[in-house]
Amino acid sequence: MSFEHAFDVDVRRKLGDATVGATFTADGGLTVLHGSSGAGKSSGLAMVAGLLRPDSGHVRVLGETLFDAAAGIDVPAYRRRLGLVFQDGRLFPHMTVRANLLYGWKLADLADRWIEPAVVIEFLGIEALLDRRPRTLSGGEAQRVAIGRALLSGARALLLDEPLTALDPARREEILRVIERLRDELKLPMLYVTHDREEAARLATQTITVERI
Amino acid sequence: MLRLLTALIALLALTPPALAATAPTVLAAASLQEALTEAADAFARARHPRPVLAFAASSALARQVQAGAPADMFVSADEQWMDALAAKRLIVAASRRDLVTNALVLIEPAAGSTRLAIARGFPLARALGASGRLALADPAAVPAGIYAKAALTSLGVWPSVAGRIAAAENVRAAMALVEHGQAPLGIVYATDALASAKVRVVARFPSASHPRIVYPVALIAPINGRAANPEAEAFRRFLLGREGQAILRRHGFGPA
Amino acid sequence: MNAAALTAADWQVIALSLKVSGVAVLATLPVAFGLAWALARWRFFGRVLLDALVHLPLVLPPVVVGWALLLLLGPAGPVGGWLERTLGVTVMFRWTGAAIAAGVMALPLMVRAIRLSLEAIDPRFEQAAETLGAAPARRFATIVLPLAAPGVLTAVILGFARSLGEFGATITFVSAIPGETETLPLAIYSALQIPGAEARVWALAGVSVLLALMALAGSEWLARRHGGSGGRVL
């Protein structure tokens, strides 16, 4: 596969009176989408993930066109193979941690499973949590499980939407390290939305500023 | 869920269209419950299938006949509803007969000993005491109440008791008010009074004081290509015959 | 109340009531779920009207509902006539008709219970499932249904209780035919019309209460077995 960029994004959408959108290209490593709140960073991420349909533009990830308004291409989110990690984890409350982790794994094609559950569990240090219910987890634990769940779904890139916002400083540090290791050891392309400059400075291999349009 | 639904539809489709191979379905006014049940048992003993009996208010049953009820015979407690069905050719006209008649009685709780003769201007209001009410089936809607109001009106006492009526939903509910002493007096059919051990008949209303209380019977006209059930005709003849009439008489009904 | 006080006829009434109520609830459930889904998730023209229509059996006197069923499904009616002439099926005066009457009366309660539980589901869980590769049908089966389960259970219990107590629509539509449509409330009413039949009234009323309590206890047990979160249903 040959392609110029990991992410090639140009999306626009009207939300109420405002138009939100983002135009950028990003290579491998961790790309921080930075900008004042309300600039449309999260909406941009949702459009890349396929949860929000852009009015115009295109989304290409690792050379594959996932959305192209002009060409009439719109791959549904469940076929995009992009792992989305939300601010609030969003673990399924009616499933154990184990079932949450394996949810996307079971749905992924064999060829797309690039990492084993045992490896992920080890990597994230969540062995002891497997039989617990999400509501019994701390914020940091839940976020680690959410990251593991996204990795196991066969995701070829991770999209992280302010994953540290809901955490206290100690937990932030814990997750920051996990993300650094994802970046350095797994070499997974990541789009990372934050409005925290320190966080951006520490994590980013590339920073893109999203402006209000 | 889908499999269950399919099973249900199959079940529904399998249900045969008639109640049973030969047992006729008889719709009858609620006041006939005990008498017709006994008659049906007697009919069955004569090696007939036992008729399936459904009792309700004549009005409700008549509406069901209008809607095409899969039933074979109708016994109404009043002529109006039977006339309404006849007008729409929903009954077999030639099969209509007056089955029995009924009478109105004034009742009180069984322990009472009121002496009161029913005649023009009789002191009914005084007999109710200072605060007692007269129990009736709703004189605006229910046949038994309509007859009672007609009788009291023709006897000239309706104005004196009109404000002291305890109207019940049906005649048996009116009788229950007297049975439990909530009303010192009530007016019900003679057959009702005979069925209850908890009431005593004070006096019988003269038959001339109210319209004739008659129970017409008729076979229901088959629709949608249904076949007439010969057992229904047999039961109709049985009820009109000596044995059937004797059973009805034992339950307090009069000859038509 | 003891079992010895119940006659064979009483047992027939009880068995019939259970059959009618059970079938009514199971047959109404998919319909109620579909309506609840449409009302909770879709914005369409006439949604308010549909909502009002679904609630009609709750608002109207039951006898009116029974009368409407009579006109519609009676063999002389448009639907009932077609059923009898083409399929040879009659629901009037049959237990199936009693189940339809009970199901219609239970529908609004069931739709409400399911709709509330659907509306309580955070749609972001479905979004999360979508990004993990779950197509719509999979999301429905693995996220929506399990999260709506407590509401569905509530709907079943409420619907069953309502069906068990259904009187007005049933007697108006299918009369009180012993062994076919004479369910508990109809048998109780019929016994009330007979002087001296109070013992039967008490016995059958006692059975009704017992059945309702058993249904409640059963639902509690089910809810507890399915991971506590479902908790209380009433």
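Residues numbered from 1 in each chain as written. Chains lettered and ligands numbered in written order. Predicted model: local features only at pLDDT ≥ 70, side-chain atom pairs only at ≥ 80, totals over all residues. Heavy atoms only, no water.

Visitor: Any details on the overall build of chain C? Residues and values, ideally.
Guide: On a plain count of helices and strands, chain C comes out with 10 helices and zero strands. Order of helices (α) and strands (β) in chain C, N terminus to C terminus: α-α-α-α-α-α-α-α-α-α. When the backbone C-alpha atoms are referred to their principal axes, chain C occupies close to 70 × 45 × 30 Å. For chain C, the residues scored as buried account for 52% of the 234 residues in total. For chain C, the share of sequence-separated contacts (at least 6 apart) that also reach a separation of at least 24 residues comes to 71%. Seen as two clouds, the 16 positive and the 12 negative side-chain charges of chain C have centres 7 Å apart. (Helix = DSSP H or I, 4+ residues; strand = E, 2+ residues; numbered from the N terminus. Buried < 20%, exposed > 50% of the residue type's maximum accessible area, 1.4 Å probe, protein only. Contact = heavy atoms within 4.5 Å. Lys, Arg positive; Asp, Glu negative; His and termini not counted. Charge placed at Lys NZ, Arg CZ, Asp CG, Glu CD.)

Visitor: Just give me the short version of the interface of chain A and chain C, but keep the residues and values in it.
Guide: Taken together, the contacts link 19 residues of chain A with 18 residues of chain C. If you sort the residues of chain A by the area they bury against chain C, Tyr78, Arg90 and Tyr103 of chain A come out on top, with a joint share of 34%. For the pair chain A and chain C, the number of links is one salt bridge. Among the ionic pairs, Arg124 of chain C bridges to Asp88 of chain A, the shortest N-O distance being 3.1 Å. (Buried area = accessible area lost by both parts, 1.4 Å probe. Salt bridge = Lys/Arg side-chain N within 4 Å of Asp/Glu carboxyl O.)

Visitor: So what about the packing of aromatic side chains? Which residues, and what values?
Guide: Residue and element names in this part refer to chain B. A full pass over the atoms with the stated rule returns eight aromatic pairs over all chains. Between Tyr215 and Phe253, the ring centres sit 5.3 Å apart and the planes meet at 80°, which makes this aromatic pair edge-to-face. Residue Tyr215 is found in strand 10 (residues 213-219), and its partner Phe253 is found in the loop between helix 11 (242-250) and strand 11 (254-255); the two are separated by 38 residues along the sequence. A single burial state applies to Tyr215 and to Phe253, both of which are buried. Relative to Phe238, the ring of Phe235 lies with its centre 6.3 Å away and its plane at 10°, an arrangement referred to as stacked. One end of the pair, Phe235, and the other, Phe238, are both in helix 10 (residues 230-240), three residues apart, so they sit about a helical turn from each other. (Phe/Tyr/Trp six-rings, centres within 6.5 Å; stacked < 30°, edge-to-face > 60°.)

Visitor: Quick one: what's the story with helix 3 (residues 62-73) of chain C, residue by residue and with numbers?
Guide: The terminal C-alpha atoms of helix 3 of chain C, which comprises 12 residues, lie 16 Å apart, in line with the 16 Å expected from a rise of 1.5 Å per residue. Elements in contact with the buried residues of helix 3 of chain C: helix 3 (58-66) of chain B together with helix 2 (47-59), helix 4 (78-87), helix 5 (95-119) and helix 8 (168-174) of chain C. (Expected span 1.5 Å × (residues − 1).)

Visitor: Can you lay out the interface of chain B and chain C for me, pointing to particular residues and giving the numbers?
Guide: In many reports, interface size means the accessible area that the parts give up when they come together. Taken together, the contacts link 40 residues of chain B with 37 residues of chain C. For the pair chain B and chain C, the summed buried surface comes to about 3,000 Å²; carbon and sulfur atoms form 63% of the total. Summed over the shared surface of chain B and chain C, the number is two salt bridges. Across the pair Glu198 of chain C and Lys198 of chain B runs a salt bridge, and its minimum N-O distance is 3.5 Å. Inspection of the region where chain B meets chain C yields 13 residue pairs in polar contact (both at pLDDT 80 or more). Going through the elements one at a time, helix 1 (2-14), strand 1 (25-29), helix 2 (33-45), strand 2 (52-56), helix 3 and helix 8 (171-179) of chain B are the ones with two or more residues in the side of chain B that touches chain C. Counting residues per element, the side of chain B that touches chain C draws most heavily on helix 1 of chain B, which supplies six residues. Its residues placed into classes, the side of chain B that touches chain C shows 24 nonpolar, nine polar and seven charged. (Polar contact = N/O pair within 3.5 Å; in protein donor to acceptor, adjacent residues only side chain to side chain. Nonpolar A, V, L, I, M, F, W, Y, C, P; charged D, E, K, R; others polar.)

Visitor: Account for the pattern of salt bridges, with residues named and values stated.
Guide: Close approach of charged atoms lets side chains of opposite charge pair. Within this structure, the stated rule accounts for 39 salt bridges over all chains. A salt bridge links Arg171 of chain A to Glu174 of chain A; its shortest N-O distance comes to 3.1 Å. One end of the pair is Arg171 of chain A and the other is Glu174 of chain A, both in helix 5 (residues 169-186) and three residues apart, which spans about a single turn. Of the residues examined, Arg171 of chain A reaches a relative accessible area of 32% and is grouped as partly exposed. One salt bridge connects Arg172 of chain A with Glu199 of chain A, and the closest N-O pair in it is separated by 3.7 Å. A residue pair is termed long-range when its members are at least 10 positions apart, and Arg172 of chain A in helix 5 and Glu199 of chain A in helix 6 (residues 197-203) qualify at 27 residues. Residue class for Glu199 of chain A comes out buried when judged on its relative accessible area of 7%. A single salt-bridge network, built from bridges that share partners, covers Asp88 and Arg90 of chain A together with Asp122 and Arg124 of chain C.

Visitor: Just give me the short version of the pairing of strand 5 (residues 64-68) of chain A, but keep the residues and values in it.
Guide: All names here are of chain A. In this sheet, strand 5 lies alongside strand 4 (residues 56-61) in antiparallel orientation, the contact comprising four bridges. Residue pairing across strands places Val61 opposite Glu64, the latter belonging to strand 5. Taken together, strand 4 and the strand that follows it, strand 5, pair antiparallel across an intervening segment of two residues, in which Leu62 is found at a positive phi of about 50°. Remark: four residues form the turn of the hairpin made by strand 5 and strand 6 (residues 73-74), two consecutive strands paired antiparallel; Gly72 in that turn has positive phi of roughly 70°. (Pairing = 2+ DSSP bridges.)

Visitor: Account for the sheet that holds strand 4 (residues 97-102) of chain B, naming residues and giving values.
Guide: Pairing between the strands of a sheet is mediated by backbone hydrogen bonds and can be parallel or antiparallel. Residues and elements named next belong to chain B. Taken together, six strands build an open sheet; the order of strands is 2-1-3-10-4-11 and the sheet is mixed. The strands lining the two open edges of the sheet, one partner per strand, are strand 2 and strand 11. The pairing of strand 3 (residues 73-75) with strand 10 spans three bridges and is classified as antiparallel. Looking at strand 10, one finds that Phe74 is bridged to Ala218. Its contacts with the sheet place helix 3 against strand 1, strand 2 and strand 3, and it is angled at close to 145° to strand 1. With respect to the sheet, helix 11 is in contact with strand 4 and strand 11, its orientation differing from that of strand 4 by roughly 25°. (Axes fitted to C-alpha atoms, helices over the stretch in contact; angles between N-to-C directions.)

Visitor: Can you tell me about unusual backbone geometry, naming the residues and giving the values?
Guide: Residue and element names in this part refer to chain A. Even without being glycine, Arg81 reaches a positive phi, approximately 55°. Inspection of the secondary structure puts Arg81 in the loop between strand 6 and strand 7 (82-85). Of note in this structure, Arg90 is not a glycine but carries a positive phi near 55°. The residue Arg90 is located in the loop between strand 7 and helix 2 (97-107) in this model. Classification of Arg90 by relative accessible area gives buried; the value is 12%.

Visitor: A description of the confidence of the model for chain B should follow, citing residues and the corresponding values.
Guide: Residues and elements named next belong to chain B. Summarising the model, chain B shows a mean pLDDT of 90, and 92% of its residues fall at 70 or more. Put simply, helix 1 is where chain B has its lowest mean pLDDT, 52, and strand 3 is where it has its highest, 97. Taken together, the stretch residues 14-21 has pLDDT below 50 and engages in 11 contacts with residues farther than four places along the chain or on a different chain. (pLDDT = per-residue confidence, 0-100.)

Visitor: Outline the sheet that holds strand 8 (residues 157-161) of chain A, supporting the account with residue identities and numerical values.
Guide: Residues and elements named next belong to chain A. The five strands lie next to each other as 7-8-9-3-10, forming an open sheet whose pairing is parallel. Edge positions in the open sheet fall to strand 7 and strand 10 (206-209), since each of these has one partner strand only. Each adjacent strand pair in this sheet contributes to an overall mean axis angle of 20°, direction not counted. Relative to strand 9 (residues 190-194), strand 8 runs parallel, the two being bridged by four bridges. Within the sheet, the bridge partner assigned to Asp161 lies in strand 9 and is Val193. Packing against the sheet, helix 5 makes contact with strand 3 (30-34), strand 8 and strand 9, and its axis sits at approximately 150° to strand 9.

Visitor: Can you lay out the environment of Ala232 of chain B for me, pointing to particular residues and giving the numbers?
Guide: On the secondary structure map, Ala232 of chain B appears in helix 10. Apart from the residues lying within four places of it in its own chain, the contact partners of Ala232 of chain B are Pro24, Asp72, Met73 and Leu219 of chain B.

Visitor: Tell me what's going on with the arrangement of the chains, and back it up with residues and numbers.
Guide: The interface with the most contacts, out of two pairs of chains in contact, is the one formed by chains B and C. In this assembly chain A lies apart from chain B, the nearest approach of their C-alpha atoms being 21 Å.

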